[in-house]
Amino acid sequence: MGIVSTPVIAYEVKGIVPAGSKGPTVIPLVIAVPKELAPGEQRVATVPEVVKKLTNSGYEVRIEHDAGTNSYYPDDLFTAAGAKIAYSRAELLDGARIVLRVQPPTVADIDQFAEGTIVIGFMNPTNNLEAIARMRDRKVTAFALEFVPRITRAQSMDALSSQATAGGYVAAIMGADNCPKFLPMLTTAAGTIRPATVLILGAGVAGLMAIATTKRLGAIVEAYDVRRAAGEQVRSLGAKFLELEINAEGQGGYARELTPEEKAQEQLMVSAAVARADIVITTAAIPGRKAPILITRETVTTMRPGAVIVDLAAESGGNCELTQAGRTVKENEVTIIGPQNLPARVPFHSSQMYAKNLQSFLALLVDKDGALVREFTDEILLASILVHAGTVHHGATRDLLSGGKI
Ligand code: NAD
């Protein structure tokens, strides 16, 4: 993960401290929050509740006009919380020290940042090498929230988890919405309805949320994960855990890749479960790699007519061989949904959780007087620092950049 073991010198300039603190000067630290412009992005990096806390601590918070409109946080709520509304990018960024974002900045965005600006958000480095090179060259500092380590102390900053929670919820609702059946069992004057069967493949954060949501809707829920440790969590939600006699827990709680024999065994068991499900929600991922194929074209032909697959791994290649990212396809009377950016479909709460993650992360960047730290020594900062003062600190990204001669 490219953790830098020695401290990174952050700032040698003294005196940038929030108003009201006892620091040498009282220039408020300006935090800027731009409107997200990526297609389909409805979230915003902060919400009025968090702005209130930041302004009370002495920061100046600037919000780009309309930044929260798509997530139902209008400008006037931000103003009431103490933020200033900026009507242009230039006004937003003038003197801003910290920029909070959801999606990575584009090259055009970066060209508007002053040297030394700190940008915090998802950086998706593998797909954003050009932007990272630009941040390096313009001496912009970037922290990538996807690299925040999954240690207990960092739980409140774990944006991958907060957004996966939203994704798992939406996937369950989408599955139910596209299913021609009721999910609960019903005993009515018009007859008895059997409950639908839901299968969740991958019981990480998103998978567990999908289990909890479909259980609440009354379905019979089965789940499978290569990590045996997930079994206990699955069962605690009232779902059945499908067992395979292997344990593929790798480093840091993530899954390792399976051997070919293990893959064949897994495939047989998963295929049988897929064939009896009305809704299959797949979330299986291995960080930094293409998603594993768990549902082949042949398996789809064994599925019930009207069955639905919601493939949460669509953006990293899909867990179903037939998934097309960003599209819904029908094959053999099975609906296969390849959604992208599901958290953006519940932008009000996704933004709220994300904003809290950022608020916790920001606390690492200031000392007890509210001044920017002079050295990045905290292990969470060292793990998540992507680029700073002209150097790319994330090893894998640095290799990709030098490999591509960027
Ligand atoms: P993820 O998005 O990387 O992957 C989703 C799930 O897919 C994982 O549970 C993984 O084991 C599973 N998977 C991978 N290959 C599979 C296959 N072939 N078949 C079936 N399942 C497969 O995972 P995530 O949701 O980000 O969570 C990863 C782990 O980290 C989990 O154990 C989670 O509980 C843990 N976690 C810990 C903390 C913390 O301690 N602070 C926070 C969040 C998550």
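For the structure, see preceding data.
Residues numbered from 1 in each chain as written. Predicted model: local features only at pLDDT ≥ 70, side-chain atom pairs only at ≥ 80, totals over all residues. Heavy atoms only, no water.

1. Side note on the sheet that holds strand β4 (residues 84–86)
Read across the sheet, eight strands follow the order β4-β3-β2-β5-β6-β7-β18-β19 without closing on themselves; strand pairing throughout is mixed. Each edge of the open sheet carries a strand with a single partner, namely β4 and β19 (391–392). Each of β2 (30–33), β5 (98–100), β6 (118–121) and β7 (141–144) touches helix α11 (residues 347–362); the most contacted strand, β6, lies at about 140 degrees to it. (Pairing = 2+ DSSP bridges. Helix = DSSP H or I, 4+ residues; strand = E, 2+ residues; numbered from the N terminus. Contact = heavy atoms within 4.5 Å. Axes fitted to C-alpha atoms, helices over the stretch in contact; angles between N-to-C directions.)

2. Quick notes on the pattern of salt bridges
Taken as a whole, this structure holds 18 salt bridges when the rule is applied. Among the salt bridges present, the one from arginine 89 reaches aspartate 109, with a minimum N-O distance of 2.8 Å. One end of the pair, arginine 89, is in helix α3 (residues 89–93); the other, aspartate 109, is in helix α4 (residues 107–110), with 20 residues separating them in the sequence. Assigned by exposure class, arginine 89 and aspartate 109 land together as buried. A salt bridge links lysine 181 to aspartate 278; the shortest N-O distance between them is 2.8 Å. Taken together, the positions of lysine 181 in the loop between α6 (159–178) and β8 (186–188) and aspartate 278 in the loop between α9 (260–275) and β13 (279–282) put the pair 97 residues apart, joining distant regions of the chain. (Salt bridge = Lys/Arg side-chain N within 4 Å of Asp/Glu carboxyl O. Buried < 20%, exposed > 50% of the residue type's maximum accessible area, 1.4 Å probe, protein only.)

3. Here's the deal with the nonpolar core
Grouped together as the largest cluster of nonpolar side chains are 45 residues, with contacts concentrated most on Ile120, Phe361 and Leu365. At the level of secondary structure, the elements contributing two or more residues to this core comprise β2, α1 (48–56), β3 (60–64), β5, β6, α11 and α12 (379–384). Broken down by element, the residue count for this core peaks at five residues, all from α11. Filtering out sequence-adjacent residues up to four positions away, phenylalanine 361 remains in contact with Ile120, Phe143, Leu145, Val148, Met157, Ile380, Leu381 and Ser384. (Core = buried A, V, L, I, M, F, W, Y, C linked by side-chain atoms within 4.5 Å.)

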